[in-house]
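An overview of the molecular structure
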Amino acid sequence: MVQQKIIVTGGAGYIGSHTTVALQNAGYRVVILDNLSNSDKDSMDGIVRITGVRPEFEHIDCTDRTAMHRIFERHRDAIGVIHFAALKAVGESVEKPLLYYRNNLGGLMNVLDMMTEFKIPYLVFSSSATVYGVPDKLPVTEDTPLQPATSPYGQTKVMGENIIADTVVANSGLSATLLRYFNPIGAHPSGEIGERPNGVPNNLMPYICQAAAGVRECLCVFGDDYDTPDGFCIRDYIDINDLANAHVAAMRHLQSGATGVNVFNLGTGCGQSVMQLIRAFEKATGVTIPHKITSRRAGDVPAIYANACRAEQILGWRAVVPLHETLASAWRWQQKITKSK
Ligand code: NAD
Ligand code: UD1
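If you're wondering where the values come from, they're calculated on a predicted model, not measured in any experiment. (Residues numbered from 1 in each chain as written. Chains lettered and ligands numbered in written order. Predicted model: local features only at pLDDT ≥ 70, side-chain atom pairs only at ≥ 80, totals over all residues. Heavy atoms only, no water.)

**A look at the sheet that holds strand β1 (residues 5–9)**
Put simply, the test is: Paired strands are those between which DSSP finds at least two bridges. Counting from the N terminus, the helices are DSSP H or I runs at least four residues long and the strands are E runs at least two residues long. Angles shown run from 0 to 180 degrees and are taken between the N-to-C directions of axes, each axis being a line fitted to C-alpha atoms and, for helices, limited to the stretch in contact. Contact criterion: two residues are considered in contact whenever any of their non-hydrogen atoms come within 4.5 Å of each other.
Strand order in the open sheet made by the 7 strands is β3-β2-β1-β4-β5-β6-β11, with parallel pairing throughout. Lying at the two open borders of the sheet, with one neighbouring strand each, are β3 (56–59) and β11 (261–266). Averaged over all neighbouring strand pairs, the angle between strand axes comes to 20°, with direction disregarded. Note that strand β2 (residues 29–34) and β3 share 4 bridges and pair parallel. Following the sheet pairing, Asp34 is matched in β3 by His59. The strands touched by helix α3 (residues 65–74) are β1, β2, β3 and β4 (80–83); relative to β2, the strand with the most contacts, the crossing angle is about 175°.

Below, the structure is given as structure tokens:
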């Protein structure tokens, strides 16, 4: 049987590498487009060790229109694109807004142009729970009103969703799915691929792992005076492998005839506070996390978690990996990368 080809932009990165594994395991042929600005080619070797298959790799910047044209022409037989390639550091986006707009929206617009020109029909886009801002009601459903984003990074997700919606209206041959991720954490259970943050991590999970490994002295817990049951911020932490599988389900759903723009929350439906996550990590790994309470971080949403029922009803997908397994996989990966340094 001829394998169907999927172009995965940003496929060398954290979510893209796990999704490539899921796609290859599901029988797709993957071509990765990445400029390696926040990843390295080691993730390809990890993918090969897990699946036995090396995805095709194109070293390319999605904002380079001429290069994108050349690559899409070469892969015009692809049936779909999963577009992960973006910069994602919220603080940096406040300092360098134009870098974020240019990279995240310029790249997306090139992808849409190429899909239109080469008649590639299916797009899956990485959006974020950040589009809900500070929600009035929890859990958030896909119909919860969007709020103005609190950072240029967040804006690129809100604007990206709108750009895709407008393009789908104008191009009847294109259908798209927007996946709004909650907080992806963990690593592949094999320990072969995982998250590799550059420098000091902004996100909680990699910081917890580095504090556990002694790479960082102490985790700062940002605020204990929120209006939540234990005073700490609440998030919906979803296993990276569950998240990856949702992309396969989303692609199959488009292939089965879904038209227009489809939107799905990808979360577990359960909120965990920062302190609950620290305690769960300690229990899952037996390692104590040195931590101290500090003031709130500007821009943090007090509490957000998903209603992910639509994904279950329509995609037949739901998060299944128990939190303790996710935390154990994150720790296994951290130990591996600490050793290899
Ligand atoms: P990541 O940084 O690990 O992966 C992104 C990949 O895209 C990297 O390999 C990077 O080198 C590549 N890239 C960036 N700009 C590029 C460009 N112009 N051309 C080619 N390649 C480029 O990040 P991730 O966590 O895997 O995130 C993937 C997507 O999911 C992003 O769009 C991100 O905004 C979105 N997202 C992530 C989270 C999260 O918590 N990780 C949450 C919500 C949404
Ligand atoms: C953040 C971004 C979001 C982005 C996502 C993925 C902000 C405001 N939001 O989400 O737009 O899509 O990352 O890149 O930056 N925490 C600590 N100590 C730490 C780090 C985090 O206490 O050292 C807390 C935070 O206050 C928060 C929780 O842990 O309550 C999760 O933080 P984080 O992992 O950064 O994710 P989000 O803020 O949800």
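What follows continues from the structure just given.
**Remarks on the site of ligand 1**
Under the convention used in this document: Any residue with a heavy atom positioned within 4 Å of a molecule or strand is treated as near that molecule or strand. Side-chain atoms alone can form a polar contact between residues adjacent in sequence; in general such a contact is a pair of N or O atoms within 3.5 Å, and within protein one must be able to donate a hydrogen while the other accepts it. Computed with the Shrake-Rupley method and a 1.4 Å probe, the accessible areas treat only the protein chains shown as cover for residues. All amino acids are sorted into three groups, where Ala, Val, Leu, Ile, Met, Phe, Trp, Tyr, Cys and Pro are nonpolar, Asp, Glu, Lys and Arg are charged, and the leftover types, Gly among them, are polar.
Around ligand 1, the surrounding shell holds 26 residues, and the nearest of these are Asp34, Asn38, Ser39, Lys88 and Tyr153. Ser37 places a polar main-chain atom, nitrogen or oxygen, 3.0 Å from an oxygen atom of ligand 1. At 2.6 Å from an oxygen atom of ligand 1 is found a side-chain nitrogen or oxygen belonging to Ser39. Calculation on ligand 1 without its partners gives an accessible area of 820 Å², and the protein chains cover 95% of this total. The set of elements that each furnish at least two residues to the shell around ligand 1 consists of α1 (14–25), β5 (122–128) and α6 (152–170). A total of 3 residues in the shell around ligand 1 trace back to one element, the largest contributor, which is β5. Broken down by class, the residue content of the shell around ligand 1 amounts to 12 nonpolar, 10 polar and 4 charged.

**Some points on the site of ligand 2**
For ligand 2, the set of nearby residues contains 20 residues, the closest of which are Leu204, Cys220, Arg235, Arg297 and Asp300. Contacts to ligand 2 include Asn183, whose side-chain N or O atom sits 2.9 Å from an oxygen atom. Between ligand 2 and Asp300 there is a distance of 2.6 Å, counted from an oxygen atom to a side-chain nitrogen or oxygen. When the free accessible area of ligand 2 is taken as 740 Å², the share hidden by the protein chains comes to 87%. Broken down by element, the shell around ligand 2 gets its largest block of residues, 4 residues, from strand β8 (residues 219–222).

**What about empty space enclosed by the protein?**
What counts here: The definitions used throughout rest on a 1 Å grid laid over the protein atoms alone, on which a cavity is an enclosed set of points accommodating a 1.4 Å probe that cannot get out and a pocket is an open set flanked by protein within 12 Å on both sides along at least five of seven lines; lining residues are those having an atom within 4 Å of a point. Grid points are joined across faces, edges and corners, and a volume is the space filled by probe spheres set on the points.
In total, this model carries 2 cavities of 30 Å³ or more according to the counting rule given. In this structure, the largest cavity encloses a volume near 110 Å³. In this structure, the largest cavity is lined by 14 residues; those nearest its centre are Glu195, Pro206, Cys209, Ala330 and Trp333. Mapped by element, the contributors of at least two residues to the lining of the largest cavity are β7 (183–185), α7 (204–213) and α11 (323–340).

**Side note on the state of the cysteines**
We count it as follows: Criterion for a disulfide: a pair of cysteine sulfur atoms within 2.5 Å. Each residue's exposure class comes from its accessible area (1.4 Å probe, protein chains only) as a fraction of the maximum for that residue type: buried when under 20%, exposed when over 50%, partly exposed otherwise.
All told, the structure shown has 0 disulfides when counted by the stated rule. Among the cysteines around Cys309, which has no disulfide bond, Cys270 carries the closest sulfur, lying 11 Å off. On the basis of relative accessible area, Cys309 is assigned to the partly exposed category, the value being 41%.

**Topic: the pattern of salt bridges**
Note the cut-off: Salt bridges are counted wherever a side-chain nitrogen of Lys or Arg sits within 4 Å of a carboxyl oxygen of Asp or Glu.
Enumeration over the complete set of coordinates arrives at 17 salt bridges. Close ionic contact of Glu161 with Arg180 constitutes a salt bridge, the shortest N to O distance being 2.7 Å. In this pair, Glu161 is assigned in helix α6 and Arg180 in strand β6 (residues 175–181), connecting sequence segments 19 residues apart. Assigned by exposure class, Glu161 and Arg180 land together as buried. Each of the salt bridges in this network shares a partner with another, and the network as a whole consists of Arg49, Glu192 and Lys336.

**Observations concerning α3**
Just so we agree on the cut-off: Arc definition: it is the arc formed by the directions from the helix axis to the C-beta atoms.
All buried positions along α3 are accounted for by Ala67, Met68, Ile71 and Phe72. The buried residues of α3 occupy one face: seen down the axis, they fall within an arc of 130°. On the buried face of α3, the contacting elements are β1, β2, β3, β4 and α5 (97–117). The N-cap residue of α3 is Asp64: its side-chain oxygen and the backbone nitrogen of Thr66 are 3.3 Å apart.

**Thoughts on the pairing of β1**
The criterion, for reference: Orient the strands so they point away from the viewer, and a crossover whose first-strand-to-second-strand path over the helix runs clockwise is right-handed.
In terms of burial, β1 is largely enclosed, as 5 of its 5 residues are buried. Of the two faces of β1, both are covered, the one formed by Lys5, Ile7 and Thr9 as well as the one formed by Ile6 and Val8. Pairing geometry for β1 and β2, over 5 bridges, is parallel. Bridge pairing links Val8 to Ile32 in β2. A crossover links β1 with its parallel partner β2, the connecting element being α1, and its sense is right-handed.

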